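Take a look at the letters that make up each chain.
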Amino acid sequence: MPTNPATVPRSTAHLRWPVEPAQGGWYTEAEHEAVRQVLAESDDWRTGWKSATTTDVFEDAFAAYTGAAHAVAFNSGGTALEMVMRYLQLTPGDEVVSCAINFVGPHLAVIGQGGNLILAEPDPLTLNLDPVDTERVLTARTRAILITHWNGAAVDLRPFLALAERHPHPVHGPPPVIVDAARCCGGRTPTGRVVGSEGWATIFSFESKKLMTTFGQGGMVTTSDQSLADRLRTLRTYGGLDRWGTNQMMTKAQAAVGLVQLARLDEMNAARIDRAHHRTRRLARVAELTLPPTRHGRKHLYYRHNLLVPASWTGDGRDKLMNLLAERHGVGSIVSDPVTYLGHRLIRHHTTGQRCPRAEQLAARLLCPCLHPRMTPEDETAICDAIQQATAHIARTYGTGE
Ligand SMILES: *Cc1c(COP(=O)(O)O)cnc(C)c1O
């Protein structure tokens, strides 16, 4: 089996454009003001940092934005995922299907809650879970389908909802569709709905790199299932009066800044989409590269700008391109992300015997050069020139892939 292909450029310390830029560096005077207010009002021994009211307001605003009935805030996207999974009360043998190209978080949440992680292949262009391959792995033990809106490209959930209806679990009924939208906050799905309003539960992250941020950590679940929302609220506050729970609350300061970020989300995403569309147009003449799909409207947020090198460059050629971009041009890029079972030993151990050859191939052709909504036109031009020159250089050794 190949080893971990999460190759990033060898030297990353002095890059002009970082490997993983952080959205968290984009706060305005309004965020600063919100924090000053929370700090002032919490400096009171009678109330302190009690977060309930501010968090309620943030949750209501978030639910209204997405169109879901409920939003429940957490201290991270990871705990939010884990608690949604926990609600299913998985028993040994229960299976959860997820795309092999993924962040490790969703896969660890399945394993952490005692489920069998079942891997399926991605769509070759969007890298989102492929419904055809999903049907291949559905069984009578499937308890959930876990879908990640990969790097900002919103999945059409309709084929998955139909699959769930066609393959009901004998006890629990159609497996719920759980959506990981950590990289797609503010996105629109192909049906025109706001991400968070479709599927059974949707998880968001407000960690430092994400599309909106709450001081570097934070998460949210949206759902229209009252029973799930109620249970999530007790899970994060020591179980109410009768059940297990722990403390996974978001702080008041995070909620206050989240409210401001939410109001700015569309504007921040629009700036990112603008840069991404410009890059796609500029790179259209680079025949070797497969560019991310451009769809009309706002159905792709470009959390990352995925590039695929030709199949004949797989692995080595891709790695050389990333290193050349870094060393000669100062452009950081990342493989976002490798196939989880190749990159993470516990996941590999847990999925022994499963392979997704298409995912392995695609991940070994993937690179995501730095993209950020605050980049200037000069940054963008320099990065596009660098990608073009570096690709031409690698093509001399590895061919143009035709
Ligand atoms: C960031 C991320 C998460 C986890 O969010 P945290 O808030 O960092 O715990 C889950 N899934 C995906 C796809 C992510 O990118």
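What you see is a predicted model, and the numbers here were worked out from it, not measured in a lab.

Asks: Please explain the overall build of the chain as it appears in this structure.
Replies: Across its full length, the chain holds 13 helices and 10 strands. For a compact globule of 402 residues, the expected C-alpha radius of gyration is about 21 Å, and the chain comes in at 21 Å, within 12% of that figure. Taking the principal axes of its C-alpha atoms as reference, the chain extends roughly 65 × 55 × 35 Å. Relative to its full complement of 402 residues, the chain shows a buried share of 57%. Within the chain, contacts between residues at least 6 apart in sequence are counted, and of these 73% link residues at least 24 apart. Summed over all atoms, the accessible surface of the chain reaches about 16,400 Å², with 53% contributed by carbon and sulfur. Here the chain holds 42 positive side-chain charges and 40 negative ones, and the gap between their average locations is 3 Å.

Asks: Honestly, the pattern of salt bridges in this entry has me stumped. Any pointers?
Replies: It is possible for side chains of opposite charge to pair when their charged atoms get near one another. One pass over the full model with this rule turns up 21 salt bridges. With a shortest N-O distance of 3.3 Å, aspartate 44 and arginine 46 are connected by a salt bridge. Residues arginine 166 and glutamate 135 are paired through a salt bridge, measuring 3.3 Å at the closest nitrogen-oxygen approach. Taken as a pair, arginine 166 in helix 6 (residues 158-166) and glutamate 135 in helix 5 (residues 131-137) lie far apart in primary sequence, 31 residues in all. Here the salt bridges share partners, and the residues they tie into one network are Glu29, Glu33 and Arg36.

Asks: Would you mind going over helix 13 (residues 377-398) with me for this structure?
Replies: One turn of an α-helix holds 3.6 residues; hence residues three or four places apart share an orientation. Over its 22 residues, helix 13 runs 31 Å from end to end, which matches the ideal 32 Å to within 8%, given 1.5 Å per residue. Turning to helix 13, its buried residues are Asp379, Glu380, Ile383, Cys384, Ala386, Ile387, Ala390, Thr391, Ile394 and Ala395. Along helix 13, the residues classed as buried sweep out an arc of 165 degrees about the axis, all on the same side. Counted as exposed and oriented over 90 degrees from the buried face of helix 13: Pro377, Glu378 and Arg396. A positive phi of about 85 degrees marks glycine 399, the residue just after helix 13.

Asks: What's the story with the domain arrangement of the chain in this structure? I'm lost.
Replies: Many analyses report the size of an interface as the accessible area lost when the parts associate. Examined at the domain level, the chain breaks down into domain 1 (29-261) and domain 2 (265-398). Surface buried jointly by domain 1 and domain 2 totals about 3,400 Å² across both partners, of which 60% is contributed by carbon and sulfur atoms. Among the residues domain 1 hides against domain 2, the three largest losses belong to Glu121, Asn151 and Leu211. Together they make up 18% of the total. Here domain 1 and domain 2 share 2 salt bridges between them. Of the charged contacts, one joins arginine 183 and aspartate 337 as a salt bridge, the two residues approaching to 3.3 Å between their closest N and O atoms. Inspection of the domain 1/domain 2 interface yields 21 residue pairs in polar contact (both at pLDDT 80 or more).

Asks: Looking at this structure, I do not really get the site of the ligand. What am I missing?
Replies: Around the ligand sit 14 residues, and of these Gly78, Asp180, Arg183, Ser205 and Lys210 come closest. Interatomic distance of 2.7 Å between a backbone N/O atom of glycine 78 and an oxygen atom of the ligand. Measuring from an oxygen atom of the ligand, one finds a side-chain N or O atom of arginine 183 at 2.6 Å. In terms of residue count, helix 3 (residues 77-87) provides more of the shell around the ligand than any other element does, 3 residues in total. The residue makeup of the shell around the ligand, split by class, is 4 nonpolar, 6 polar and 4 charged.

Asks: Could you clarify how one ought to interpret helix 9 (residues 316-329) in this entry?
Replies: Given a rise of 1.5 Å per residue, 14 residues ought to cover 20 Å, and the 19 Å separating the end C-alpha atoms of helix 9 matches this to within 8%. Burial analysis of helix 9 places 10 of its 14 residues in the buried class, which makes it a mostly covered element. Among the residues making up helix 9, those that are buried are Gly317, Arg318, Asp319, Leu321, Met322, Asn323, Leu324, Leu325, Ala326 and His329. For helix 9, the elements touching its buried residues are strand 9 (333-334), helix 12 (357-363), strand 10 (366-369) and helix 13. A positive backbone phi angle near 75 degrees is found at glycine 330, which sits one or two residues after helix 9.

Asks: What should I look at first to understand the state of the cysteines in this one?
Replies: What is meant by a disulfide is a covalent connection between two cysteines, made through their sulfur atoms. A full pass over the atoms with the stated rule returns 0 disulfides. Unpaired in terms of disulfides, cysteine 185 finds its nearest cysteine sulfur in cysteine 184, a separation of 8.5 Å.

Asks: What's the story with the packing of aromatic side chains in this structure? I'm lost.
Replies: One pair of aromatic rings is described through two measures. These are the centre distance and the angle between the planes. All chains considered together, the criterion is met by 6 aromatic pairs. A centroid spacing of 4.9 Å and a plane angle of 75 degrees characterise the contact between phenylalanine 62 and phenylalanine 204, whose relative ring orientation is edge-to-face. Linking phenylalanine 62 in helix 2 (residues 52-66) with phenylalanine 204 in strand 6 (residues 201-205), this pair joins segments that are 142 residues apart in sequence. An angle of 45 degrees between the planes, with centres 5.6 Å apart, marks the rings of tyrosine 87 and tryptophan 200 as tilted. Here tryptophan 200 lies in the loop between strand 5 (177-180) and strand 6 and tyrosine 87 lies in helix 3, a separation of 113 residues in the sequence. Owing to a relative accessible area of 25%, tyrosine 87 belongs among the partly exposed residues under this scheme. Its relative accessible area of 17% is what places tryptophan 200 among the buried residues. In textbook terms, an aromatic cluster arises when at least three aromatic residues are bridged by ring pairs, as seen for Phe58, Phe62, Phe204 and Phe206. Between arginine 264 and the ring centre of tryptophan 26, over which it is positioned, the NZ or CZ distance is 5.1 Å.

Parameters and conventions
- Residues numbered from 1 in each chain as written.
- Predicted model: local features only at pLDDT ≥ 70, side-chain atom pairs only at ≥ 80, totals over all residues.
- Heavy atoms only, no water.
- Helix = DSSP H or I, 4+ residues; strand = E, 2+ residues; numbered from the N terminus.
- Rg over C-alpha atoms; globule rule 2.2 N^0.38 Å.
- Buried < 20%, exposed > 50% of the residue type's maximum accessible area, 1.4 Å probe, protein only.
- Contact = heavy atoms within 4.5 Å.
- Areas by Shrake-Rupley, 256 points an atom, 1.4 Å probe, with all protein chains shown as cover.
- Lys, Arg positive; Asp, Glu negative; His and termini not counted.
- Charge placed at Lys NZ, Arg CZ, Asp CG, Glu CD.
- Salt bridge = Lys/Arg side-chain N within 4 Å of Asp/Glu carboxyl O.
- Expected span 1.5 Å × (residues − 1).
- Arc of directions from axis to C-beta.
- Domains from an automatic or database assignment.
- Buried area = accessible area lost by both parts, 1.4 Å probe.
- Polar contact = N/O pair within 3.5 Å; in protein donor to acceptor, adjacent residues only side chain to side chain.
- Near = heavy atom within 4 Å.
- Nonpolar A, V, L, I, M, F, W, Y, C, P; charged D, E, K, R; others polar.
- Disulfide = S-S within 2.5 Å.
- Phe/Tyr/Trp six-rings, centres within 6.5 Å; stacked < 30°, edge-to-face > 60°.
- Lys NZ or Arg CZ within 6 Å of the ring centre and 35° of its normal.

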